[in-house]
Amino acid sequence: MTDRLPGFNTLAIHAGAAPDASTGARATPIYQTTSFVFDDVDHAASLFGLQAFGNIYSRITNPTNAVLEERIAALEGGTAALAVASGHAAEFLTMHALMQPGDEFVASNKLYGGSINQFNHSYKNFGWSVAWADNDDPASFEAAITPRTKAIFCESIANPGGVITDIKALSEVAKKHNIPLVVDNTMATPYLIRPFEHGADIVVHSATKFLGGHGNSIGGLIVDGGSFQWAGDARYPMMSQPRPEYSGMVLAETFGNFGFAIACRVLGLRDLGPSLSPFNAFLILNGIETLPLRMQRHSDNALVVAKHLAQHEAVAWVSYPGLETDRYHALAKRYTPNGAGAVFTFGLKGGYEAGVKLVSNLQLFSHLANIGDTRSLVIHPASTTHRQLTDAQKSAAGAGPEVVRLSIGLEDPADLIEDLDGALRA
Ligand SMILES: Cc1ncc(COP(=O)(O)O)c(C=O)c1O
């Protein structure tokens, strides 16, 4: 063996996995068990005291989930990861480790509608507040920072609008104010964008989407970039202060550059409980094995469909950064040279009514609230995912009344175009 690190395709298949030590099983087994037998009393005590790594109970660790955690950490280039029950759970446990009651964070205004709701409403119950900033204007993030600001949150490619975020510019703002930058990398996946290479400190995923990739399992991931210095920083007590739950242990000192991932696991996941089922971890792992192939095909197909729609008479505009005329094309070339992903929006000249009609008339496209499936998907955000938002919030999030969102699958693009043309004619 040389010192050369394995490539992305190899990591997508092998990282974290080995033939099962007791059976030789080559695929990662599903360890469908709640709990694990201790060697003896001392072993049990050392596991409970965080003096040894190992399994106690599947709410906190599980060997199938551990393979998924190692794999995403390797693909993102992070130090450690945590698998959880959903993308929302990943966002929540991340904020739980960063925020105290009365704290604030600054978030991009171009986010998945569910995240906007979560931040605006549910987080209030914890005493956390969000300040919204303009995704295209890094200075607006800086202007929203106060002494209580604990993080900046954005998406690498924003759902639903086909918006590319200038992660490097936001990371410079975060570094200047010594707060972590959290990037939701769901839409890009590490195949298209690796946020740590652009200065992010924490990456979260809805593994439900392209990582799993087959529309069959809900899951979430948190990846620790290992870059933020928590030790000695009293603003982040979960990582930097003695923990009464663990005999005064300071997680950032004991676990160094993966102290954040440990805090999410042993304080967040342990106490709040949104653990990922090993069966879902198994399905997501299977998905990741073909991630590079699928993401390339998703992006290639999306570009063909976007080009077709851009010259269609019923279409007012197409927002896909892969198009040379798109306002985010320059950022796309910089951040995602392999392709601009599968998801994009377009506007119908016929407005809200035309959007509702289109989704009813498509046949090959499935009308549903998801992205990142092998199948092509369609939704009219204003009447579904973004309906709780005010009109102003809808437009700010790229989900105005005339907007239709597509998640382009792996079918033959000619068939997708025929389906769209037929539905637009009808
Ligand atoms: C970008 C993004 N982040 C987070 C989520 C939430 O993920 P989940 O549905 O797995 O909770 C979604 C879901 O659509 C999403 O698109």
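As the structure is a prediction and not an experimental result, all values here were calculated from the model.

A.B. asks: Lay out the site of the ligand in plain terms, naming residues and giving numbers.
C.D. replies: By nearness alone, 14 residues border the ligand, and G87, D184, S206, T208 and K209 come closest of all. Contacts to the ligand include D184, whose side-chain N or O atom sits 2.6 Å from a nitrogen atom. For the ligand, the accessible surface in isolation is 390 Å², of which the surrounding protein chains cover 91%. Element by element, the count of residues in the shell around the ligand is highest for helix 4 (residues 87-98), at three residues. Taken together, the residues of the shell around the ligand break down into two nonpolar, eight polar and four charged.

A.B. asks: Provide a residue-level description of the pairing of strand 11 (residues 343-348), including the pertinent values.
C.D. replies: Burial runs high along strand 11: six of the six residues are buried. Of the two faces of strand 11, both are covered, the one formed by V343, T345 and G347 as well as the one formed by F344, F346 and L348. Sheet analysis places strand 10 (residues 315-319) next to strand 11, joined by four bridges and oriented antiparallel. For V318, the partnering residue across the bridge sits in strand 11 and is F346. The pairing of strand 11 with strand 14 (residues 403-407) spans five bridges and is classified as antiparallel. Bridging across to strand 14, F346 finds its partner in V404.

A.B. asks: Break down the pairing of strand 3 (residues 129-133) for me, citing the residues and quoting the values.
C.D. replies: The pairing of strand 2 (residues 104-108) with strand 3 spans five bridges and is classified as parallel. For S108, the partnering residue across the bridge sits in strand 3 and is A133. As for the winding sense of the linkage, the β-α-β connection from strand 2 through helix 5 (residues 113-120) to strand 3 is right-handed.

A.B. asks: Quick one: what's the story with the domain arrangement of the protein chain, residue by residue and with numbers?
C.D. replies: By a widely used convention, the size of an interface equals the accessible area lost when the partners come together. The domain boundaries assigned to the protein chain delineate domain 1 (8-287) and domain 2 (292-425). For domain 1 and domain 2, the distance between their C-alpha centres works out to 28 Å. In this complex, domain 1 contributes 40 residues to the contact, which on the side of domain 2 involves 39 residues. Note on domain 1 versus domain 2: buried area summed over both sides is about 3100 Å², and carbon and sulfur give 58% of it. Where domain 1 touches domain 2, the interface holds two salt bridges. There are 14 residue pairs in polar contact (both at pLDDT 80 or more) connecting domain 1 and domain 2. For the side of domain 1 that touches domain 2, the element with the highest residue contribution is helix 5, accounting for four residues. A class-by-class count of the residues in the side of domain 1 that touches domain 2 yields 18 nonpolar, 17 polar and five charged.

A.B. asks: Requested: an account of the sheet that holds strand 3, with residues and values cited.
C.D. replies: With respect to topology, seven strands assemble into an open sheet ordered 1-9-8-7-4-2-3, the strand pairing being mixed. Since the sheet does not close on itself, it has two edges, and those belong to strand 1 (80-84) and strand 3, each with one partner. Adjacent strand axes in the sheet meet at a mean angle of 20° when their direction is disregarded. One ladder, built from five bridges, connects strand 8 (residues 202-206) with strand 9 (residues 220-224); its direction is antiparallel. Note that in strand 9 the partner of V204 across the bridge is I222. Packing against the sheet, helix 5 makes contact with strand 2, strand 3 and strand 4 (149-155), and its axis sits at approximately 135° to strand 3. Each of strand 4 and strand 7 (181-184) is contacted by helix 7 (residues 167-176), which is oriented at about 155° to strand 7, the strand it contacts most.

A.B. asks: Describe the pattern of salt bridges, with residues and values.
C.D. replies: For the structure on display, the rule yields 14 salt bridges. The salt bridge partner of R235 is D233, with a shortest N-O separation of 2.6 Å. Put simply, D103, R148 and K150 are held in one network by salt bridges that share partners.

A.B. asks: Give me the lowdown on the packing of aromatic side chains, citing residues and values where you can.
C.D. replies: Tallied over the full model, the rule gives 20 aromatic pairs. Measuring from ring centre to ring centre gives 5.0 Å for F119 and F153, while their planes differ by 85°; the resulting arrangement is edge-to-face. Of this pair, F119 sits in helix 5 while F153 sits in strand 4, and the two are 34 residues apart along the sequence. For the residue pair F119 and F153, the accessibility class agrees, reading buried in each case. A centroid spacing of 5.0 Å and a plane angle of 80° characterise the contact between Y123 and W128, whose relative ring orientation is edge-to-face. The pair Y123 / W128 is uniform in exposure class, with both members buried. Site record: aromatic cluster; members linked through ring pairs are F92, F105, F119, Y123, F126, W128, W132 and F153. If you follow K150 out to its NZ or CZ, it ends over the ring of Y236, 5.7 Å from the centre.

The rules behind each value
- Residues numbered from 1 in each chain as written.
- Predicted model: local features only at pLDDT ≥ 70, side-chain atom pairs only at ≥ 80, totals over all residues.
- Heavy atoms only, no water.
- Near = heavy atom within 4 Å.
- Polar contact = N/O pair within 3.5 Å; in protein donor to acceptor, adjacent residues only side chain to side chain.
- Areas by Shrake-Rupley, 256 points an atom, 1.4 Å probe, with all protein chains shown as cover.
- Helix = DSSP H or I, 4+ residues; strand = E, 2+ residues; numbered from the N terminus.
- Nonpolar A, V, L, I, M, F, W, Y, C, P; charged D, E, K, R; others polar.
- Buried < 20%, exposed > 50% of the residue type's maximum accessible area, 1.4 Å probe, protein only.
- Pairing = 2+ DSSP bridges.
- Right-handed = clockwise from strand over helix to strand, strands pointing away.
- Domains from an automatic or database assignment.
- Contact = heavy atoms within 4.5 Å.
- Buried area = accessible area lost by both parts, 1.4 Å probe.
- Salt bridge = Lys/Arg side-chain N within 4 Å of Asp/Glu carboxyl O.
- Axes fitted to C-alpha atoms, helices over the stretch in contact; angles between N-to-C directions.
- Phe/Tyr/Trp six-rings, centres within 6.5 Å; stacked < 30°, edge-to-face > 60°.
- Lys NZ or Arg CZ within 6 Å of the ring centre and 35° of its normal.

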